[in-house]
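These are the residues of each chain, in order.
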Amino acid sequence: MTSTLQNQTVTSTTKSARRILLKLSGEALGGATQFGIEPEILSEMAKSVIAIKNQGVQVALVIGGGNIFRGAALQKAGMDRTVGDQMGMLATVINGLAMRDELIRQGAHCVLMSAYGIPSITTQYSSQQGREVLEQGSVLIVAGGTGSPFFTTDTAAVLRAVELHCDEVLKGTKVDGVYSSDPMKDPNATLYKSLTYQEVISKELQVMDLTAFALSRDHHMKIRVFSMTKDGALLNAATGGDEGTLISD
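Criteria and cut-off values
- Residues numbered from 1 in each chain as written.
- Predicted model: local features only at pLDDT ≥ 70, side-chain atom pairs only at ≥ 80, totals over all residues.
- Heavy atoms only, no water.
- Helix = DSSP H or I, 4+ residues; strand = E, 2+ residues; numbered from the N terminus.
- Buried < 20%, exposed > 50% of the residue type's maximum accessible area, 1.4 Å probe, protein only.
- Pairing = 2+ DSSP bridges.
- Contact = heavy atoms within 4.5 Å.
- Axes fitted to C-alpha atoms, helices over the stretch in contact; angles between N-to-C directions.
- Lys, Arg positive; Asp, Glu negative; His and termini not counted.
- Salt bridge = Lys/Arg side-chain N within 4 Å of Asp/Glu carboxyl O.
- Arc of directions from axis to C-beta.

1. Some points on the environment of glutamate 199
In step 1: Take glutamate 199: it is sitting in helix α7 (residues 197-202).
In step 2: Residue classification places glutamate 199 among the partly exposed positions, given a relative accessible area of 33%.
In step 3: Each C-alpha atom, one on glutamate 199 and one on serine 248, is 10.0 Å from the other, the two residues being 49 residues apart in sequence.

Okay, structure coming up:
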């Protein structure tokens, strides 16, 4: 697919470059164990983000916190859901700090904003200031989820993409797109190259949680699902290539 500014649904009066929001799972930073932060993986992710930026693409990042805190078991044991979600949102700030440090170490200018304003560590999130950061050519990391419990980082990613006037949400996964069924279990699963929002709903495909997906549909925010482990896939997807599965109107 060739992505052009003429085909954009969500635009800004000042934005001229392609702008994407990359949604990464926290577990991806943990490598094989899916826990903690593996320095080599962090370094490779930062290199990929810089390669995208060097192609003239404006990059915003939302990183989950599952590699640091997984609240499901604790919530089953009685932890208050609000407390668990707050801990998870703080975990995304830790991942954001790690990524910011690595990007700066590799020579990229980067700003970390958070729904939780933590003085001396992060900048309080502002959609207007976030757009300005992107327009100036810096990488923007948005942490802290939505700032409210009961919402996933998928929802936070779509919300920030809409607010920041991004062209697409890129969701990196373990597989190379959206399939008719789980390709790890079903050898006959079919890869979809493109889907409409309605097709995803009618086929009951697991792309994002329903809140995130409904927000994407209502604001015509494109979602591209692709493999984070396939060589060149991220750069191809970020620069408008026909990578993975595109979900749109």
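2. Quick word on the sheet that holds strand β10 (residues 222-227)
In step 1: In space, the nine strands of this open sheet follow the order β4-β3-β5-β2-β1-β6-β10-β11-β9, with mixed pairing throughout. The two strands at the open ends of the sheet, each matched to only one other strand, are β4 (123-124) and β9 (194-196).
In step 2: Pairing of strand β1 (residues 19-24) with strand β2 (residues 58-63), which is carried by six bridges, proceeds in the parallel orientation. In the sheet register, isoleucine 20 faces β2, and the bridge partner there is valine 59.
In step 3: Helix α4 (residues 81-105) contacts β2, β3 (110-114) and β5 (139-143) of the sheet and is inclined by roughly 170 degrees relative to β3.

3. A short note on the side chain of arginine 131
In step 1: Within the secondary structure, arginine 131 sits in helix α5 (residues 127-135).
In step 2: Although arginine 131 is buried, it makes no salt bridge; glutamate 135 carries the closest opposite charge, 5.5 Å away.
In step 3: What arginine 131 contacts, discounting residues up to four positions off in sequence, is Arg19, Glu163, Leu164 and His165.

4. A look at the pairing of β3
In step 1: Across the five residues of β3, five count as buried, placing the element largely inside the fold.
In step 2: Burial along β3 is two-sided: Cys110, Leu112 and Ser114 and Val111 and Met113, pointing in opposite directions, are all buried.

5. Digging into α5
In step 1: For α5, the full list of buried residues reads Gly130, Arg131, Val133 and Leu134. Projected down its long axis, α5 shows its buried positions confined to an angular sector of 155 degrees, all on one face.
In step 2: Downstream of α5 by one or two residues, glycine 137 has phi in the positive range, about 90 degrees.

6. Here's the deal with the pairing of β10
In step 1: Across the six residues that make up β10, a large majority, six, are buried.
In step 2: Here β10 shows no split at all, with Lys222, Arg224 and Phe226 on one side and Ile223, Val225 and Ser227 on the other all buried.
In step 3: Bridge analysis of strand β6 (residues 168-173) against β10 gives six bridges, and the strand direction is parallel. Across the sheet, residue glycine 172 finds its bridge partner in β10, namely phenylalanine 226.

7. Some details on the side chain of serine 114
In step 1: With respect to the element layout, serine 114 can be found in strand β3.
In step 2: You can call serine 114 buried: its relative accessible area is 0%.

8. Re the pattern of salt bridges
In step 1: In this structure the tally under the stated criterion is 11 salt bridges.
In step 2: The salt bridge involving lysine 171 is made with aspartate 154; its shortest N-O contact spans 3.2 Å. With a gap of 17 residues between them, lysine 171 in strand β6 and aspartate 154 in helix α6 (residues 153-163) connect regions that are remote in the sequence.
In step 3: By relative accessible area, which is 11% here, aspartate 154 ends up buried.
In step 4: Across the pair glutamate 243 and lysine 230 runs a salt bridge, and its minimum N-O distance is 3.0 Å. Here lysine 230 lies in the loop between β10 and α9 (233-238) and glutamate 243 lies in the loop between α9 and β11 (245-248), a separation of 13 residues in the sequence.
In step 5: For lysine 230, a relative accessible area of 43% puts it in the partly exposed group.
In step 6: Each of the salt bridges in this network shares a partner with another, and the network as a whole consists of Arg18, Glu168 and Arg224.

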